[in-house]
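Residue-level structural notes
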Amino acid sequence: MHVHVNAATSADGKLASRERSQLRISGPEDFDRVDAIRAESDAVAVGVGTVLADDPSLTVKDEDRVADREGDGRPSHPARVVFDSRGRTPTDAALLDDAATTYVLVAEAAPEGRREAFASAGAEVVVAGSDRVDPSAGLDALADRGIDRLLVEGGGELIFSLFEAGLVDELTVYVGATVVGGRDAPTLADGEGFVEGFPELSLDGVERLDDGVLLRWAVDGRPADE
Ligand SMILES: NC(=O)C1=CN([C@@H]2O[C@H](COP(=O)(O)OP(=O)(O)OC[C@H]3O[C@@H](n4cnc5c(N)ncnc54)[C@H](O)[C@@H]3O)[C@@H](O)[C@H]2O)C=CC1
Ligand SMILES: Nc1nc(O)c(N)c(N[C@@H]2O[C@H](COP(=O)(O)O)[C@@H](O)[C@H]2O)n1
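Please read these numbers as outputs of a predicted model, since none were measured by experiment.

The next thing to look at is the site of ligand 1. Surrounding ligand 1, one finds 26 residues, the nearest of these being A8, R20, T50, D54 and E153. Within the side chain of R88, an N or O atom sits 3.2 Å from an oxygen atom of ligand 1. In this structure, V133 approaches ligand 1 through a main-chain N or O atom, which is 3.0 Å from a nitrogen atom. In isolation ligand 1 exposes 860 Å². Once the protein is present, 89% of that is buried. Put simply, the parts of the chain that give the shell around ligand 1 at least two residues each are β1 (2-9), α2 (48-54), β6 (149-154) and α6 (156-164). It is α2 that provides the largest number of residues to the shell around ligand 1, a total of five residues. Class assignment for the residues of the shell around ligand 1 results in 11 nonpolar, eight polar and seven charged.

Dropping the structure here:
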C-alpha cells in the first residue's frame, strides 16, 4: 500500500488554532490539488479528532473527476477511513453518509454498542489493536479490502503515529501565508514526538500555489511506488 500524507499548515506549522475548529489554510488552487489526489486514491483517512473538529465528508468535489472514476469502473468516491480507538465518531457524522464506503477502525476497547451503531449507520467496523488502533494492523486490514493507495489528511496525532510506525511513503505539505501560534494548537505531527530515529525525507519538489508554497517529500527507506 502507498501511504500519502497531505496537510496544510500555517507558516509556523499549525494545522488549526488552539480551538481546533476547522481552519481554511489552503486557497482554491491547493484545495483543487487535494481534490485531485482524493480522486486518485482508494481511500482517505483521518483521525477521530478531525471528525469531531471538522465533520468532514472526504468526498471528491469536482464532478468531472467523479465521472472519470465512474467511467473507470471505480466507486464514485474513495472510501473513508476513521482511526477511532474508542468509537467516538458521532453516528450523524458526514462521513457516515451513503456517498462512499466508510471503514471505522476501532480497538478492542471500543464499546460494543458503538460498534453496533456504526454498523447500523452502514459503516464497516474493523477491529485493529487492543487499547488503541494499531496502525500496521489497520492498514493491513485495509489492504485486504483492496485499498492500495491511501491518502491521510490528518490530524497531527494520526500523522505522528503513522510516521512512528514507519508507514508513510510520501508527504506533501501546503504552507499557507498565515501565522496561528499557540502551544496547544495542533501541528503536523503531534503525539509523543521523536527524540531519536527521526524520519528522514528527500525533497521532491517546491511549488508556489495561491499565496503559499507546496512542499513534496519522499520518505527515505520506503520501497519505490509501484
Ligand atoms: N490543516 C489541515 O490540513 C488539517 C487540519 N486538521 C485539524 O487537526 C485537528 C485534529 O487533529 P488531532 O487533534 O491531532 O486529531 P486526529 O485527527 O489526529 O485524531 C486523533 C485521535 O485519533 C484516534 N486514534 C486512533 N488510532 C490512532 C493512532 N494509531 N494514532 C493516533 N490517533 C489515533 C485517537 O482517539 C486520537 O485521539 C483539528 O483541529 C483539525 O481541524 C485535520 C486534518 C487536516
Ligand atoms: N488540504 C487542506 N487544507 C486546509 O486548509 C484544510 N483545512 C484541510 N482540511 C482537511 O479537509 C477536510 C474537509 O474535507 P471536506 O471538505 O469536508 O471533504 C478536513 O477534515 C481536513 O481533513 N485540508
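We now examine the UniProt feature "domain: Bacterial bifunctional deaminase-reductase C-terminal" (unreviewed entry) in the protein chain. Cross-referencing UniProt, the feature "domain: Bacterial bifunctional deaminase-reductase C-terminal" (unreviewed entry) maps to residues 2-215 in the present numbering. Structurally, residues 2-215 comprises 27% helix and 24% strand, and the distance from its first C-alpha atom to its last is 18 Å.

Below, the discussion takes up the site of ligand 2. Near ligand 2, the surroundings consist of 19 residues, among which L23, I25, S26, R38 and K61 are the closest. Between S57 and ligand 2, the recorded distance is 2.9 Å, taken from a backbone N or O atom to an oxygen atom. Burial of ligand 2 by the protein chains amounts to 85% of its free accessible area of 530 Å². Looking at the shell around ligand 2, the elements with two or more residues in it are β1, α1 (28-40) and α2. A total of three residues in the shell around ligand 2 trace back to one element, the largest contributor, which is α1. Its residues placed into classes, the shell around ligand 2 shows eight nonpolar, six polar and five charged.

Calculation rules
- Residues numbered from 1 in each chain as written.
- Chains lettered and ligands numbered in written order.
- Predicted model: local features only at pLDDT ≥ 70, side-chain atom pairs only at ≥ 80, totals over all residues.
- Heavy atoms only, no water.
- Near = heavy atom within 4 Å.
- Polar contact = N/O pair within 3.5 Å; in protein donor to acceptor, adjacent residues only side chain to side chain.
- Areas by Shrake-Rupley, 256 points an atom, 1.4 Å probe, with all protein chains shown as cover.
- Helix = DSSP H or I, 4+ residues; strand = E, 2+ residues; numbered from the N terminus.
- Nonpolar A, V, L, I, M, F, W, Y, C, P; charged D, E, K, R; others polar.
- UniProt positions renumbered as here; feature names shortened; annotations may be inferred.

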